[in-house]
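Summary of the model geometry
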Amino acid sequence: MNPTTRVIFGKRNIIDTEIGIFNRASKSIDTCMTYTRPSLAVSLRPIRDAFLAAKKKGVRLRYITEINHHNFEDCKVLLSIVHELRHLDGVKTNFMISEGEYLAPLVQDKSEAIASEHIYSDTTQIVEHGHCIFDTLWSKSIPAEERIKQILDGAVPRETKIVNNQDEIMKHIIHLSEVSSGLSVVSNQGHMKLTYNGFLELFMKILEKQRRGETKGIRWIMRIEKDSVNVVKKFLRLGVEIRHVKNLAPINFAVSKHGLIATVEEKNGGGIVQNLLASNEGSYIKHFSSMFEQLWKEGIDARYRIKDIEEKVGIAEIEIIRNPVDSIARGWDMVRSARKEVNIMFSSTNALKRQIEMGALSLFKKASERQNVGVRILLPSSDKSDQLIEQTRSKVPKIDIRTVSTSLETKITIILVDSKKCLILELQDDKQNTSYDAVGLSTYSISPTIVSSYLAVFESFWRQAELFEKMKEVEKLQKDFINMAAHELRNPIQPIIGFSELLYPKIVNPEQRRLLDEVMLNARRLERLAIIMLDVTRIENNSLVLTKEIVDIGKVVRDIVESYNRKLEENAKKLLVIHDGMKSINTTVDKVRMTQVICNILDNAVSFSHEGKIRVILKKEEQDGQTFLIIGVKDMGRGIDQEISSKLFTKFVSKSDMGTGLGLFISKGIVEAHGGKIWAENNADRGATFSFSLPLKT
């Protein structure tokens with residue numbers, strides 16, 4: 001009989017062909033199936049009998065599948081039917097081969113059913129190719145006993161992944177629905193319609209098990225509107241519990257104790273989702289389960305919601321308030337109605353100031369003292385915040401008010417009352433004198449989800465404010481210590497230097513003179529450190545005193561350049577400092593401090609340059625109608641490291657092993673005290689340019 005390869009149609013014919021292969025086999029039958037197939041070998045009597053008959057006559061039976069929670073029980077039975085059963089993660093192919101025949105479905109069926117079209121072949125090349133594929137998969141698989149032990153011990157690998165392959169997406173949807181003893185779903189109406197059209201059979205199995213008392217059934221949360229009533233009614237009739245929640249996050253998910261699938265895709269009809277988050281990790285399952293339970297508590301029974309829709313009863317949970325007068329009146333009414341707590345996070349210091357001018361402190365005092373309401377206020381830190389806090393506490397002693405870092409400043413004011421109501425006021429223009437002119441749109445809500453979300457935001461900022469207050473205390477102690485240390489260092493340093501200089505001419509011994517030189521050198525180093533520490537303290541306390549005079553800044557720069565070139569020549573460095581641009585210009589500055597700034601920048605340029613020219617450039621620029629003198633130092637060094645570029649002018653920032661990392665911070669303080677700005681950038685070719693501006697009187 002000639003070898004043939006043909007397509008077999010019809011499930012009955014396919015089962016007969018499969019049984020025929022078992023009957024004709026004399027040595028071996030190898031089977032590779034997806035995780036949905038073991039149930040067929042166990043539950044379909046003809047196939048099970050064919051396995052057992054082949055085994056009885058000495059045919060060796062090997063079987064590969066993916067063993068999971070879904071087919072766990074079937075695989076334990078299958079383990080007793082075949083000689084060897086093995087597990088392979090994610091196996092996606094179905095076929096069986098004997099020593100001379102091959103059978104496989106043409107189309108992979110996603111459910112536990114026999115495909116209606118199979119390909120059969122007894123052609124030698126096809127059979128050998130099938131054996132080759134099977135042996136490769138067999139070598140990568142693990143014994144079923146090992147996998148079953150993993151499942152029993154709870155050691156199944158935990159993973160979270162994004163799935164965008166259609167077959168994989170189908171597999172995860174089917175798997176979660178079939179293994180779950182109860183399913184919790186949050187979705188929009190599009191996903192509910194998709195489920196009804198494509199996965200109803202899977203859900204029916206869960207509901208059937210629920211009726212037998214084997215599962216907890218299906219709970220579903222969605223926003224129910226007029227156009228979704230019909231599909232919701234269909235699911236209700238099937239036995240699904242459904243609740244309405246008006247404000248849902250834009251995420252659809254299904255979760256059970258076995259796993260989670262989630263997507264943010266909007267489905268308004270049509271095919272399956274394109275991307276899916278799938279996870280069996282406990283932390284994800286716990287988080288989404290907790291989210292579901294919270295929403296479930298806040299939800300409205302679908303039957304009541306449908307009744308409201310059909311009777312045209314509206315449920316106003318969110319209100320947009322466009323009139324600032326109404327918004328502020330609503331906020332004050334909320335505070336008056338408070339029974340337990342009032343939490344307010346102001347958008348700015350001015351926002352609180354405007355409310356104080358309207359009489360808000362009397363409102364807070366009445367709430368905290370007469371109504372015994374806890375009042376907490378958060379305020380962005382600013383130069384005015386301390387004064388406002390003192391004013392508020394003096395008028396309302398029971399109020400709890402904190403400041404947060406300006407980096408956490410928002411553009412909204414949040415008012416939360418008794419964890420039941422919230423009002424969000426948009427800050428439109430903070431420069432306005434009245435709240436009515438400063439406020440834009442507002443949103444009022446009694447939705448538990450929205451209120452709890454904003455309350456969580458407030459609590460987070462409140463904890464940040466507590467840390468911010470502690471940080472300010474630490475910074476104050478640090479500044480006080482540095483100030484004290486700097487003063488205490490200067491007291492003994494001056495006599496050490498003075499007495500050493502008096503003693504120096506009287507010492508003749510060269511070795512003793514060398515030792516005294518070391519003492520004087522280190523004493524002067526300590527003196528410079530003390531001066532730097534005092535400068536830092538003065539800058540941070542805004543107490544830097546400038547002694548201004550009219551100075552020819554061009555001549556100052558020339559003198560500094562000549563001084564640096566002499567030092568470089570003495571040290572045999574292949575560097576040259578060049579004075580470039582304007583040669584003479586008079587301006588009013590503190591000459592000593594300005595020399596300090598230029599020297600700080602030149603010291604850095606010399607430290608990071610080994611050869612070439614360093615240019616000190618002077619020029620005038622017009623900015624916003626004001627004339628500025630720009631002084632720049634351009635070097636040919638290695639440039640500014642990207643790691644420190646954003647914090648270059650802050651304290652203790654340096655890529656050098658020498659120095660304190662305070663020079664640029666002090667330079668910034670001196671320049672800003674003169675009304676100028678300082679900045680730095682890498683050059684296009686090599687090196688960097690440090691520049692600062694000084695305002696010139698016109």
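Residues numbered from 1 in each chain as written. Predicted model: local features only at pLDDT ≥ 70, side-chain atom pairs only at ≥ 80, totals over all residues. Heavy atoms only, no water.

The next subject is the pattern of salt bridges. Taken as a whole, this structure holds 19 salt bridges when the rule is applied. The shortest N-O distance in the salt bridge between Arg62 and Asp30 comes to 3.0 Å. Of this pair, Arg62 sits in strand S3 (residues 60-65) while Asp30 is found in strand S2 (residues 28-32), placing the two residues 32 residues apart along the sequence. Classification of Arg62 as buried rests on a relative accessible area of 17%. A salt bridge links Arg60 to Glu84; its shortest N-O distance comes to 2.4 Å. Taken as a pair, Arg60 in strand S3 and Glu84 in strand S4 (residues 84-87) lie far apart in primary sequence, 24 residues in all. Among the residues examined, Arg60 registers a relative accessible area of 39% and is labelled partly exposed. (Salt bridge = Lys/Arg side-chain N within 4 Å of Asp/Glu carboxyl O. Helix = DSSP H or I, 4+ residues; strand = E, 2+ residues; numbered from the N terminus. Buried < 20%, exposed > 50% of the residue type's maximum accessible area, 1.4 Å probe, protein only.)

Take the pairing of strand S19 (residues 374-380) next. Taking burial as the measure, the seven residues of S19 include six buried ones, the bulk of the element. Note that strand S18 (residues 341-345) and S19 share five bridges and pair parallel. When the sheet's bridge partners are listed, Glu341 is paired in S19 with Gly374. As paired strands, S19 and strand S20 (residues 400-404) are joined by five bridges and run parallel to one another. Note that in S20 the partner of Pro380 across the bridge is Val404. (Pairing = 2+ DSSP bridges.)

What follows is about the state of the cysteines. Two cysteines, two sulfur atoms, one covalent bond between them: this is a disulfide. In this structure the tally under the stated criterion is zero disulfides. The structure places no disulfide on Cys32, whose sulfur is separated from the nearest cysteine sulfur, that of Cys75, by 12 Å. (Disulfide = S-S within 2.5 Å.)

Okay, a nonpolar patch on the surface next. A contiguous nonpolar surface patch, about 370 Å² in accessible area, is contributed by Val7, Phe9, Leu106 and Val107. Mapped onto the elements, Leu106 comes out in the loop between strand S6 (102-105) and strand S7 (117-121). Taking relative accessible area as the criterion, Leu106 reaches 42% and is therefore assigned partly exposed. (Patch = residues over 30% accessible without salt bridge, like charges linked within 9 Å, V, L, I, M, F, W, Y side chains within 5 Å. Areas by Shrake-Rupley, 256 points an atom, 1.4 Å probe, with all protein chains shown as cover.)

With that settled, consider the sheet that holds strand S14 (residues 259-263). Sheet strands pair via backbone hydrogen bonds, and the direction of the pair is either parallel or antiparallel. In spatial order, the strands read S9-S15-S14-S13-S10-S11-S12-S16; together these eight strands make up an open sheet with mixed pairing. In this open sheet, the two strands that pair with only one neighbour each are strand S9 (160-163) and strand S16 (300-301). Here strand S10 (residues 182-186) pairs with strand S13 (residues 252-256) via three bridges, running antiparallel. Bridge pairing links Val186 to Phe253 in S13. Relative to strand S11 (residues 217-222), helix H11 (residues 282-298) is tilted by about 70°, and along the sheet it contacts S9, S10, S11, strand S12 (241-244), S13, S14, strand S15 (276-279) and S16. (Contact = heavy atoms within 4.5 Å. Axes fitted to C-alpha atoms, helices over the stretch in contact; angles between N-to-C directions.)

With that settled, consider a positive patch on the surface. On the surface, a cluster of positive charge is contributed by Lys365, Lys366, Arg370 and Lys395. Considering each element in turn, the positive patch owes the most residues, three residues, to helix H15 (residues 360-370). Here Lys365 is to be found in helix H15. We classify Lys365 as partly exposed; its relative accessible area is 35%. (Lys, Arg positive; Asp, Glu negative; His and termini not counted. Charge placed at Lys NZ, Arg CZ, Asp CG, Glu CD.)

What follows concerns the side chain of Ser348. Structurally, Ser348 can be placed in the loop between S18 and helix H14 (349-357). Judged by relative accessible area, which is 2%, Ser348 ranks as buried. In this structure the side chain of Ser348 is engaged in a polar contact, spanning 2.7 Å, whose partner is the side chain of Asp430. Contacts of Ser348, omitting those with residues within four sequence positions, involve Arg354, Leu379, Pro380, Glu409, Leu427 and Asp430. (Polar contact = N/O pair within 3.5 Å; in protein donor to acceptor, adjacent residues only side chain to side chain.)

What follows is about empty space enclosed by the protein. Counted according to the given criterion, the structure contains four cavities of 30 Å³ or more. Taken as a whole, the largest cavity encloses approximately 320 Å³ of empty space. Residue lining of the largest cavity: 22 residues in total, with Ile173, His191, Thr195, Ala254 and Ile261 positioned closest to the centre. Going through the elements one at a time, helix H7 (166-179), S10, helix H8 (189-198), S13 and S14 are the ones with two or more residues in the lining of the largest cavity. Among the residues making up the lining of the largest cavity, the classes are represented as 16 nonpolar, six polar and no charged. (1 Å grid on protein atoms, 1.4 Å probe; cavity = no way out; pocket = protein on both sides within 12 Å on 5 of 7 lines; lining within 4 Å. Points joined across faces, edges and corners; volume = space filled by probe spheres on them. Nonpolar A, V, L, I, M, F, W, Y, C, P; charged D, E, K, R; others polar.)

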